[in-house]
Amino acid sequence: MLHLNYRNAAVQNNPHTTLVTATAPIANTTHGGRAKCLQRLVRLELPVPRTVALSFDAVQRIAKGELPDIAAIVSQFSKGALLCVRPSSEDPDWGGPGAVLNIGMNATRFEGLAARLGHDAAQAIYTRFVQTYAVDVARLDPDMFEDVTGGGADALQASLRAYEAELDEPFPASRAEQLAAVLKSMARAWDGTTARLLRQAKGAPADAGLGLVVQEMALGLGTGECGSGVLQLVDSDTGLPQITGRYLSQSQGRDALEGDAAALYLSRDPRGPSLEDLAPDAFDALKAHAALMRVKLREEMQVEFVIEDGALFILDGVRVVRSSQAAVRIAVHLAEDGVISQAEALMRVPPRTLSELLHRQVSHTAKRDIIGRGIAASPGAATGQIVFTAAEAQASAARAEPCILVRRETSPEDIRGMHAAQGVLTERGGITSHAAVIGRGIGLPCVVGASNMRFNRSKTQLIAQDGRVFTAGETITVDGSTGQVLAGAPQMREAALDESFQKLMDWATDFCDIGIRANADTPADAQTARNFNAQGIGLCRTEHMFFDPGRLTVMREMIFAETSKDRRAVLERLLPMQRDDFTQLFRIMDGQPVCIRLFDPPLHEFLPRDGTGQRELADALDLPLSDVTLRIEAMSEYNPMLGLRGVRLGVTVPEIYEMQARAIFEAAVAASVDGPAVVPEIMIPLVSARREVELVKTSIDAVAAAVRTEQEQDFDYRLGVMVETPRAALRTAEIAPYCAFLSFGTNDLTQMAYGLSRDDAGRFMSQYVQQGVFPEDPFHVLDTDGVGELLKLGADRGRDAQPGVTLSICGEHGGNPESISFCRDAGFDYVSCSPFRVPVARLAAAQLAIGDNIG
């Protein structure tokens, strides 16, 4: 008979080998999560079989050959009881050795069970134990049992003979000897190299401890209703209330989940028989126990149970495995039911899991035919036909054919093709490359730096790492959440934003103590930012507005203009286009701040690179082809990202910034007529000297005065600097007095601080991280030591010189939880990130604020 009484015993006084009672000294950090959970179930007076917990220290000693008092452990259980041993790690996700059941089975025990349960049940238990012990404990080859077929006495005797033949000794008969061997095997397995690497990959420290629990068996086999199963009260995919799980009569352990066709449903179901039909009393008790565990353990739990002759036993309770959607819904429902607080609900959802809710993902059940890997640059997954040019992507979109844009690397002229594609794959680039930044901004799945694949544009071929060749028109899938490139079209799981997600975001807003803005370049981006409740636009990159075909030709004409007068004349044609862009942004944001960065890239990026494009430009401008090619060659730079761009253009070609300032001011006046007063923020890029700011500020102030006079309308605006050169960060004391805000552009600041090209660093960055040169990719996780010191110096010196100056970061680091922590500590006012990272940033900021309050 199974013991549920918790009598005093000597083992209770040993902190390393402890009988699980309501008052035993058991903790998650000393005995593991399973042992602690079982203690909580005992405190709830649930029908838990008698259990002994071994601490991390005890298991470490076992691995070194120092066994505990096995006789003392065995004495805690009734004479002849079968035992099982299960792992108990600090975090269930770290795994552990598989459970070993039916310890203590021998010829004598077999006879007793045969008399009580019948020969078939007893033989099944004995055979299972012999084979498990041989493979998992004695480490014998599983193939030794390949000739053992069927069941009954023949299978049992064949298994025993195979064991004896392999080891030249009889199968151990002593329960104590069997238990000692199992404990040694599981302890040493945890210390093995493979196990250590696997758990480290899941975030476990190298020295993570393992506890073990020895539990009296509830057999699940025999006369009357017997079996085993699992039950949970919510669906793991959706998080909605639903009794799910399986039950299998005449089974042990987790057999019910092994796909056996005889497994039953739990609650009544028209598709087949159920546990509720067979054992209604046990089913009702099981539901009640699960509901009690939910409230008292303050978590949705999966209950592992056994029924023995109609009696219910609870073997274990584990946290329900859940999708990202279910994680959010479960946390919100627990808070709504008063089981946990709103703050705890927020703390239970890892920020990065929200990305999976915002984008389509490859289903976790889908088969993945991996043909390449790169950097996971923009989350989500997309399937489509391979195209190799932006024009082909636009043509595919016009035919309503999904496509994946495959490029060696993208440039600004590929933007329309990126908008037309379902996903992007590039051979080169890193986490802040052009494709990555634009992909995150528009929610486009993107994998960059797939250098283990070969891109043959001339033959329109993509060659996989295993040699397979994919040509234009064939279907592939890019998974921007994992960096994998897949052949074909695997099953997808759609994005899932529901009321629970919105409620969690509302709670996060209440706790968040740093502003969260979005980087948005187009009206569509701005609308996405509003949908995610961004508190304004922290970075609008105006250059992306000029790549529309209708504007690109005008832009090129301006570049080719010889005089200031000619440039102004051409820019007059661009003015109404820019004004309309800004008016839309202001109206969408409805009074929230909009920070517009003036033109930044070098002008040569707007000129065609190939002969066909140059001939078309010559025809459009009515110029000889030779003049066009000579002008393009003359404008080329050895290092354009450090050349004539940003404020340097504003100083040397002032007409561009003057046109943009006029467009901003006229748009602000127009948008304020039928909405809240607009106070635009104008940001000067790539500043490195005070005089640059003085010159541009004088020019913009003059434009503002002219527009006020022409429009007969007063308005305010804020002028600031994008701090993205190390010199600007060091000299903010002399720059800040001219500014209302300083926004640190951490993409270029990291690039210049390290002397690294962000587009090329992906080729070697993984090796640098693996060898410990950098702890993380500095373009992905803010370098708080080096770049961070520049940020702190710039912030402190800027605020000393201009106490009211607003501080922010607007690089891609803005959506990173670690970067947000740094910015809060440094006293920044807000961070700005791509629209689809706004929820992630808000949740991370809320968790940091909650953590500070707890601390």
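From a predicted model like this one, the values you see are computed outputs, not experimental measurements.

Asks: Sorry if this is basic, but what is going on with the overall build of the chain here?
Replies: Within the chain, the secondary structure is distributed over 33 helices and 30 strands. When its C-alpha atoms are laid out on the principal axes, the chain stretches across 105 × 60 × 55 Å. Within the chain, the proportion of its 855 residues that are buried is 56%. A separation threshold of at least 6 residues defines the contact pool for the chain, and within that pool the share at least 24 residues apart is 68%. Of the side chains in the chain, 83 bear a positive and 109 a negative charge, and the two mean positions are spaced by 2 Å.

Asks: Help me understand the packing of helix α20 (residues 549–560) against helix α21 (residues 564–589) in this model?
Replies: The description of two packed helices rests on the angle between their axes and on the distance between the axes. Closest axis-to-axis distance for the α20/α21 pair is 9 Å, and the angle between their directions is 150 degrees. Taken together, the axes of α20 and α21 lie roughly antiparallel to each other. For the crossing formed where α20 meets α21, the hand is left-handed. Along the contact surface, α20 presents Gly550, Arg551, Val554, Met555, Glu557 and Met558, while α21 presents Arg567, Val570, Leu571, Arg573, Leu574, Met577 and Asp581. Here the contact of α20 with α21 is built from residues that sort into seven nonpolar, one polar and five charged.

Asks: Which parts of the structure should I look at to understand helix α33 (residues 838–854)?
Replies: Note on helix geometry: an α-helix contains 3.6 residues per turn, so any two residues three or four positions apart are oriented the same way. A rise of 1.5 Å per residue sets the reference length of α33, with its 17 residues, at 24 Å; its end C-alpha atoms lie 24 Å apart and thus fit the reference within 8%. In terms of residue burial, α33 counts as a mostly covered element, since 12 of its 17 residues are buried. Those residues of α33 that fall on the buried side of the exposure criterion are Val838, Pro839, Val840, Ala841, Arg842, Leu843, Ala844, Ala845, Ala846, Gln847, Ala849 and Ile850. The elements touched by buried residues of α33 are α13 (342–347), α14 (354–358), α18 (499–511), β23 (515–519), α32 (817–825) and β30 (830–833).

Asks: When you look at the sheet that holds strand β2 (residues 51–54) in this model, what are you seeing that I'm missing?
Replies: For sheets, the rule is that strands pair by backbone hydrogen bonds, running either parallel or antiparallel. Spatial ordering of the open sheet is given by β1-β2-β5-β3-β4, a layout of five strands whose pairing is antiparallel. Two strands lie at the open edges of the sheet, namely β1 (17–19) and β4 (100–103), each paired on one side alone. The sheet shows a mean angle of 25 degrees between the axes of neighbouring strands, direction not considered. Note that β1 and β2 share three bridges and pair antiparallel. Looking at β2, one finds that Thr17 is bridged to Leu54.

Asks: Hey, could you run me through the nonpolar core in this one?
Replies: Nonpolar side chains in soluble globular proteins generally cluster together in the buried interior. Counting 127 residues, the largest nonpolar core has Phe586, Phe665 and Leu742 as the members making the most contacts within it. In this structure, Phe665 is in contact with Ile682, Ile700, Val703, Ala704, Val707, Phe715 and Tyr717, ignoring residues within four places of it in sequence. Counting 60 residues, the second-largest nonpolar core is a separate cluster that includes Ala58, Ala155, Leu183 and Trp190.

Asks: How do you make sense of the confidence of the model for the chain when you look at a structure like this?
Replies: Of the residues in the chain, 97% have a pLDDT of 70 or more, and the chain-wide mean is 90. Every residue in residues 1–10 scores below 50 in pLDDT, and together they form 29 contacts with partners more than four places removed in sequence or on other chains.

Asks: What am I meant to see in the packing of α18 against α33 here?
Replies: Running from amino to carboxyl end, α18 crosses α33 at an angle of 50 degrees, the nearest separation of the two axes being 8 Å. Overall, the two elements α18 and α33 adopt an arrangement that is oblique. In this structure, the crossing between α18 and α33 has a hand that is left-handed. The residues of α33 that touch α18, namely those facing Phe501, Met505, Ala508, Thr509 and Phe511, are Pro839, Arg842, Leu843, Ala846, Ala849 and Ile850. In terms of residue class, the contact of α18 with α33 is built from nine nonpolar, one polar and one charged.

Asks: Quick question: what am I supposed to make of the sheet that holds strand β9 (residues 311–319) here?
Replies: Spatial strand order, β7-β6-β8-β9: four strands in an open sheet with antiparallel pairing. Strand pairing shows two members of the sheet lacking a second neighbour, β7 (241–249) and β9, which therefore form its edges. Recorded for the sheet is a direction-independent mean angle of 20 degrees between the axes of neighbouring strands. Along the sheet, helix α2 (residues 33–43) contacts β8 (301–308) and β9; its crossing angle with β9, the most-contacted strand, is approximately 135 degrees.

Asks: Mind showing me how you'd approach the packing of aromatic side chains here?
Replies: Working definition: an aromatic ring pair is given by the centre-to-centre distance plus the angle between the planes. Applying the stated criterion across every chain, the model contains 17 aromatic pairs. When the ring of Phe110 is compared with that of Tyr126, the centres are 6.0 Å apart and the planes differ by 40 degrees; the resulting orientation is tilted. Taken together, the residues Phe110 in helix α5 (residues 107–117) and Tyr126 in helix α6 (residues 119–137) connect sequence positions 16 residues apart. For Tyr126, a relative accessible area of 8% gives the class buried. Through pairs of rings, three or more aromatic residues link up here, namely Phe129, Tyr133, Tyr163 and Phe171. Geometry around Phe560 places Arg631 over its ring, the cationic atom sitting 5.5 Å from the centre.

Asks: Would you mind going over the pairing of strand β5 (residues 210–216) with me for this structure?
Replies: Note on strand geometry: in a regular strand, side chains alternate between the two faces of the sheet. Of all seven residues making up β5, seven are buried, and the element is well covered by its neighbours. Burial along β5 is two-sided: Leu210, Leu212, Val214 and Glu216 and Gly211, Val213 and Gln215, pointing in opposite directions, are all buried. Pairing of β2 with β5 involves four bridges; the strand directions are antiparallel. Along β5, the bridge assignment pairs Thr51 with Gln215. Where strand β3 (residues 83–89) and β5 come together, seven bridges link them in antiparallel fashion. Residue pairing for β5: Pro87 is matched across the bridge by Leu212.

What counts and what doesn't
- In every chain, residue numbers begin from 1 and rise along the written sequence.
- Thresholds applied to this predicted model are a pLDDT of at least 70 for local features of residues and 80 or more for the giving and counting of side-chain atom pairs; totals over whole chains, interfaces and linings are not thresholded and use all residues.
- Side-chain figures throughout are based on the complete set of non-hydrogen atoms in the structure, without hydrogens or water.
- Secondary structure follows DSSP: runs of H or I at least 4 residues long count as helices, runs of E at least 2 residues long count as strands, and numbering of each begins at the N terminus.
- The buried label applies to any residue whose accessible area, calculated with a 1.4 Å probe on protein chains only, is under 20% of its type's maximum; exposed applies above 50%, and partly exposed to all values in between.
- Here a residue-residue contact requires only that any non-hydrogen atoms of the pair lie within 4.5 Å.
- Under the convention used here, Asp and Glu are negative, Lys and Arg are positive, and both His and the chain ends fall outside the count.
- To locate a charge, take NZ of a lysine, CZ of an arginine, CG of an aspartate or CD of a glutamate.
- Orientation is described by lines fitted to C-alpha atoms, with helices fitted over the stretch in contact, and by angles between N-to-C directions that extend from 0 to 180 degrees.
- When an angle is under 35 degrees it counts as roughly parallel; over 145 it counts as roughly antiparallel; between 65 and 115 it counts as roughly perpendicular; any other value is oblique.
- Rotating anticlockwise by less than a right angle from the far helix to the near helix defines a left-handed crossing, while the corresponding clockwise rotation defines a right-handed one.
- Residues are grouped as follows: Ala, Val, Leu, Ile, Met, Phe, Trp, Tyr, Cys and Pro are nonpolar; Asp, Glu, Lys and Arg are charged; every other residue, Gly included, is polar.
- What a helix should span is 1.5 Å times the count of its residues minus one.
- The rule for pairing is simple: two strands pair if DSSP sees at least two bridges between them.
- Among the buried residues, those of types Ala, Val, Leu, Ile, Met, Phe, Trp, Tyr and Cys that are joined through side-chain atoms within 4.5 Å form a nonpolar core.
- The predictor rates its confidence in each residue with pLDDT, a number between 0 and 100.
- Ring geometry is summarised as follows: Phe, Tyr and Trp rings, the Trp one being its six-membered ring, pair when their centres sit within 6.5 Å, and such pairs are stacked at plane angles under 30 degrees, edge-to-face over 60 and tilted between the two.
- Whether a charge lies above a ring is judged from NZ of Lys or CZ of Arg, which has to be within 6 Å of the ring centre and within 35 degrees of the ring normal.

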